Amino acid sequence: MSDQSITRESITLLVDQFYSEVRSDPLLQPIFAKVIGDNWTPHLERMVDFWSTVMLGTREFQGNVYGKHMALAGIEPEYFSRWLALFEKTVDALFDDRDATEFITVAHRIAASLQIGFFGSVATSQR
Ligand code: HEM
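In this report, we go over the structure that sits alongside the text. (Residues numbered from 1 in each chain as written. Predicted model: local features only at pLDDT ≥ 70, side-chain atom pairs only at ≥ 80, totals over all residues.)

Among the secondary structure elements, A100 is positioned in helix α6 (residues 97–119). Counting along the chain gives 11 residues from A100 to K89, while the straight-line C-alpha distance between them is 9.7 Å. Discounting residues that sit within four places of it in the chain, A100 has contacts with V91, D92 and F95. (Helix = DSSP H or I, 4+ residues; strand = E, 2+ residues; numbered from the N terminus. Contact = placed C-beta atoms within 7 Å.)

Printed below as a string of structure tokens:
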């Protein structure tokens, strides 16, 4: 299932696969469990809207990405390394290098701004 083109369908695959990894990750799972509980469907739909807005310019997503993350308690720098590693693994399995790099660049940019908010500096390195 590699080298998909970027469509709402392939973004849905990405989101489903990525959050299924997150849900079985011992570090990240508890953070999501606290906020989302078992109510994953609305979060997954929002994330499909988010990535479609960013990658396809569909403009469905309106949210408060920075504020919602700043409200999360107990986040450490290694949570970002783990999030990005799982995201990169999932993206690389689905898309060609050029498209994968585009997803990953966006994720790193947002991760950097969130890390500045949490810690005052960026611990993760760009791929
Ligand atoms: C330490 C890493 C991260 C953790 C633990 C985390 C956790 C979460 C959680 C728990 C929510 C749900 C918040 C809520 O509904 O109140 C959320 C929402 C979201 N996250 Fe993250 N996140 C991380 C990194 C990232 C990164 C790097 C991105 C960049 C793409 C991202 C994009 C989003 C978006 C777009 C939302 C939806 C915001 C909204 O509903 O307005 N997250 N995240």
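In the region of the ligand, 20 residues are neighbours, and G63, Y79, W83, I110 and A111 sit closest. Here the residues of the shell around the ligand are counted per class, giving 14 nonpolar, four polar and two charged. (Near = placed C-beta within 6 Å. Nonpolar A, V, L, I, M, F, W, Y, C, P; charged D, E, K, R; others polar.)

Grouped together as the largest cluster of nonpolar side chains are 16 residues, with contacts concentrated most on I11, L14, V15, V48, W51 and A111. Counting residues per element, the ones that place at least two in this core are α1 (8–23), α3 (40–56), α5 (77–94) and α6. (Core = buried A, V, L, I, M, F, W, Y, C linked by C-beta atoms within 7 Å. Buried ≥ 20, exposed ≤ 12 C-beta atoms within 10 Å, placed from the backbone.)

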